Structure formats: structure tokens, C-alpha cells
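Below, each chain spelled out in residue letters.
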Amino acid sequence: MLFRTQGIVIKTFEYGEADLIITFFTIDKGKIKGIAKGCRKTKSRFGSSLEPFTHSRISLYGKENISLPKVTQSDILHSHRRLRENLSRLAYGSHISEIVYEICPEGEENKEVFHLFSYILTAMETAIDLELLSITFYIRFLGLMGYQPKLDNCVRCNKEDRGLNFYPNHGGLLCEGCSSNEEGYLSLIPETKKTYYRILTCPLHRIPDLKFYTEADPGSDLRVRDELKTLLSLHLSHILGKKLKSTNSLIWAT
Amino acid sequence: MNSDGVLKKVIQELTRLPGIGQKTAQRLAFFILGMPDEEAKSIANAIIDLKDKGRYCSNCNNITEDEICEICKDIRRDQKKICVVEEPSNLYAIERTKQYQGFYHVLLGALSPLDGIGPEDIRVKELLHRIEKGNVEEVIIATNPNTKGEATALYISRLIRPLGIKVTRLAYGLPMGGDLEFADEVTLTKAIEGRREIQ
């Protein structure tokens, strides 16, 4: 059976002498894998269309239940090549690709995630503040996938509380009464919580104008960023049960 | 073990090699069976020798029998140039051109953020030591023209450029003997960007 779709390359794996096993995040079939025969050869017809971050129109051929269909055609729609020409952009692009790879289940369509992923990759090609785009992706992606941390009320009793202690093992804030025997939390300043929800609801094109500080406390920018990064990283590690491989590259490549 | 078992064993072992399927392995096994004894033994001994004596050159990480490989020992080569490649097989591909007379440095891998492969996993530090010790004037980065190779090239260039050494990258573009209409957009863009005046 031949099927056509469009997808973004999120991971590649060298197989055999010149083949490549590619994981795409597609618009109508979610995460799928395919094998491209001989595509590492210099004169391969696939050219650079199967490089990471490339958004292509693809054709795959295989039997109904086959786990690894053959990639028969791939035409570039958007190469996102600037992400591969700059180390920082490459590291951030790899990081969000790995999040999609690790969290999205195989074969489950999610158009909203596809559009968000495509939008952020495109924005990362020219953006100055790559970290902000990465934080935005994390927050919006977790929301779309149903993994959003609970930062409004206590995650256990749902009581409104002024406490701002985030417990990664519970996926949210715990009020004073519920957290008496709990350890391992991250204290947040009020501006961090507000910024989280601002990023979640702000139109994507307005994200670059977002300010991380208040007029009353102009110096809180770095603290808010650090707290958001730590919160998201702890939350994701708890969901996955492991650290993402690309995390270190955000240090050596940026 | 009967003769059929011996043959089966050879076929089974040959299929471990890249690009060798069951049918090719069978054809090779029958070919080996028909070879003169000395030739077949010579192949077997060459494989044993490679595994017993083969090691990485302590200078450039090429495959060698000795501490230092033949290329590093060759004093006629241009000491001012180092060509950086990912694997020893890439070094042999460049040697086949007979156009390059400098030295090499094999990284034994490439950077890959997605696979968690960072600078400490490849031989970058050793390259920097060589550059600091010698009188190198140009480092030619010949990593593969893919995402991992590009990341590696960008990283090495970032480390070496501040030392005042010229860093160059192999040209990108169209493969010889190919047809323009089959080239993808990125390859063509790179070819246009890297165009040069006809002398």
C-alpha cells in the first residue's frame, strides 16, 4: 500500500551500508518510521531531503501492518537549513525534536502539535532568543499533550493556596497542608507562575515581545527564566523517567 | 561437522558483513571453495592479521600496525595542512584522489546532539594538541555533508579559528556525472552559494 503525507524529520538512524531509518512527525499520522534505501550514497535521489528538521512531502510504501515502510519519495517543502548551519540553532532544534520523539506516541495524529513544532522550528531559524522559543515550545507542547503541570491550585486537594512550591513527583504545586511530609520541591517566585500562563495563552507571533519581568522588579528576568527552565526540565524528566540526550548539547553548543 | 555444515557456517559468517545477503554469501562461499588453497588461506590470514595487529595510530587515529601510521611517518607530506575526517574509511576515500599531500586527523565519530554525542566522545582534544604542538597553517574539515558532519565542522571551526589558523571546509554541491534536475533545493542552494569563476 502506498501512502502520501507530509512530515518533519525528527530522528535518523544509520542502518546497513547506506540506508537510513527515519522517524517523521507527520501531519496526519503522527510519529511514523520509514526506511530509505541507499540514501547515504552521494548520488541518492533523496539528496538532503531526509536530514533532521526537514519538512517534506513524503511517499511511503509497505504492507498494511508492516512496521517499517519504505520511503519511496521525499520532496522538500521547507528545509529549515539555517538550523543546521549554526550550532546554537542546531542544539535547540535537536532538543525540541527529541521532546517530540520521546513523548509523542507512534501513529497518533496531532495536528496542533505538528503546527506548533513546525512554527517553532521556522522561528528558530532567525530568532535571537532561542531559549525563549524553546521554553514556549515546552509549555505549549505539554499543554497540547495533556502533561501540563498544575500551577494554579494544590495538585492534591485543589485548594487555592498562596504557596509556590512545585513538586515534580506530583506534577504541580502542593499547599502547606498537603506538603508536610514531602521533599524535593522547587520554590517559585510569583512572576514565574504568571509568565508560565502568559506564554501558554499568548498568540505565538507575540511571544518574542514577551517580557519576563515586572516594572516593580526589572531584575527578575534571569530568575524567571531559570525557574521556568528548571521547572520544565524536572517535570519532563519525571514524565519520561530519564534525562533527554540533547540536554548537554545546550551547554557545549551554545 | 560434515561438508554441508562447513559451507553453511561460511555462508552464515559472511552474511555478517555489510551489504552481503544470503545469496551473495552463498556465491562467495562457493567461489572461496573453488579458489587455490594458498589464496583462500591468504584471505583468512589477512583478516586474522587485521584483527590481531590493527590499531589506531597514536597521532592521527588512522588504522595501523605500528604506533604511528605510514602517513604520519611520511616526511615528504605537507606538515602545514591537517585534513579532519570522521572515520578511517573517509581518509582512504581522500587518499584515492591523490590530490591531497598533507596529514590527517580521524575523529572516530561526529557530534550529534540528538544522540547525546558531545565533544568528549570524539577525538577533538587530540586534534587541538596536535595543532598547538605543530606549525599547522590550515585545517581542512572533511566531515560528512550531513547534519552531524556540519555540527562537527562548526564546532571545530569555533575552537580553531581564534588560534589564527585558516579553517576550510570541503566544497558543497552537485556530484559529478549527476543531472541538475534531480538535485534537491538545499544541494542546489549550496552549489549556487559556492559557485566560482571559470578560469
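In this report, the structure presented in the accompanying data block is examined. Note that the structure is predicted; figures quoted are calculated from it, not measured. (Residues numbered from 1 in each chain as written. Chains lettered and ligands numbered in written order. Predicted model: local features only at pLDDT ≥ 70, side-chain atom pairs only at ≥ 80, totals over all residues. Heavy atoms only, no water.)

### As for the pairing of strand 3 (residues 30–36) of chain A
Residues and elements named next belong to chain A.
Right, on to step 1. When you tally the buried positions in strand 3, you get six out of seven residues, the bulk of the element.
Right, on to step 2. Pairing of strand 2 (residues 19–26) with strand 3 involves seven bridges; the strand directions are antiparallel. Counterpart to I22 in the pairing with strand 3 is G34.
Right, on to step 3. Here strand 2 hands over to strand 3 after three residues, the two strands then running antiparallel side by side. (Buried < 20%, exposed > 50% of the residue type's maximum accessible area, 1.4 Å probe, protein only. Helix = DSSP H or I, 4+ residues; strand = E, 2+ residues; numbered from the N terminus. Pairing = 2+ DSSP bridges.)

### What about empty space enclosed by the protein?
Right, on to step 1. Counted according to the given criterion, the structure contains one cavity of 30 Å³ or more.
Right, on to step 2. Here the largest cavity defines a volume of roughly 30 Å³.
Right, on to step 3. Around the largest cavity, the lining residues are K11, E98, Y101, E102 and K245 of chain A together with L114 of chain B.
Right, on to step 4. A total of three residues in the lining of the largest cavity trace back to one element, the largest contributor, which is helix 1 (residues 87–103) of chain A.
Right, on to step 5. In terms of residue class, the lining of the largest cavity is made up of two nonpolar, no polar and four charged. (1 Å grid on protein atoms, 1.4 Å probe; cavity = no way out; pocket = protein on both sides within 12 Å on 5 of 7 lines; lining within 4 Å. Points joined across faces, edges and corners; volume = space filled by probe spheres on them. Nonpolar A, V, L, I, M, F, W, Y, C, P; charged D, E, K, R; others polar.)

### Let's talk about unusual backbone geometry
All names here are of chain A.
Right, on to step 1. Here F53, not a glycine, exhibits a phi torsion of approximately 80 degrees, which is positive.
Right, on to step 2. Relative to the elements of secondary structure, F53 occurs in the loop between strand 3 and strand 4 (55–61).
Right, on to step 3. Its relative accessible area of 1% is what places F53 among the buried residues.

### Here we look at the sheet that holds strand 5 (residues 138–141) of chain B
Residues and elements named next belong to chain B.
Right, on to step 1. Taken in spatial order, the four strands make up an open sheet running 4-3-5-6, and their pairing is parallel. Of all strands in the sheet, those bounded by a partner on one side alone are strand 4 (102–106) and strand 6 (166–169). When strand polarity is set aside, the average angle formed by the axes of neighbouring strands in this sheet is 25 degrees.
Right, on to step 2. Relative to strand 6, strand 5 runs parallel, the two sharing four bridges. The partner of I141 across the bridge, within strand 6, is R169.
Right, on to step 3. The strands touched by helix 6 (residues 124–133) within the sheet are strand 3 (78–85), strand 4 and strand 5, with strand 4 carrying the most contacts at an inclination of about 150 degrees. (Axes fitted to C-alpha atoms, helices over the stretch in contact; angles between N-to-C directions. Contact = heavy atoms within 4.5 Å.)

### A word on the layout of surface pockets
Residue and element names in this part refer to chain B.
Right, on to step 1. Considered as a void within the structure, the second largest pocket measures approximately 510 Å³ in volume.
Right, on to step 2. Along the wall of the second largest pocket there are 15 residues; nearest its centre are V10, L14, I32, I43 and I47.
Right, on to step 3. Counting residues per element, the ones that place at least two in the lining of the second largest pocket are helix 1 (3–14), helix 2 (22–34) and helix 3 (37–53).
Right, on to step 4. In terms of residues, the lining of the second largest pocket owes the most to one element, helix 1, which gives five residues.
Right, on to step 5. Tallied by class, the residues present in the lining of the second largest pocket amount to 14 nonpolar, no polar and one charged.

### Thoughts on the interface of chain B and chain A
Right, on to step 1. Contact with chain B, which involves 30 residues of that partner, is made by 28 residues of chain A.
Right, on to step 2. Summed over both partners, the interface of chain B with chain A buries about 2300 Å², with 59% contributed by carbon and sulfur atoms.
Right, on to step 3. Interface area lost by chain B to chain A is led by P113, L114 and T147 of chain B, which between them contribute 30%.
Right, on to step 4. In this structure, the salt-bridge partner of R81 of chain A is E193 of chain B, at a minimum N-O distance of 2.9 Å.
Right, on to step 5. Applying the counting rule to chain B against chain A returns eight residue pairs in polar contact (both at pLDDT 80 or more).
Right, on to step 6. Put simply, the parts of the chain that give the side of chain B that touches chain A at least two residues each are helix 7 (147–160) and helix 8 (185–193) of chain B.
Right, on to step 7. Broken down by class, the residue content of the side of chain B that touches chain A amounts to 13 nonpolar, nine polar and eight charged. (Buried area = accessible area lost by both parts, 1.4 Å probe. Salt bridge = Lys/Arg side-chain N within 4 Å of Asp/Glu carboxyl O. Polar contact = N/O pair within 3.5 Å; in protein donor to acceptor, adjacent residues only side chain to side chain.)

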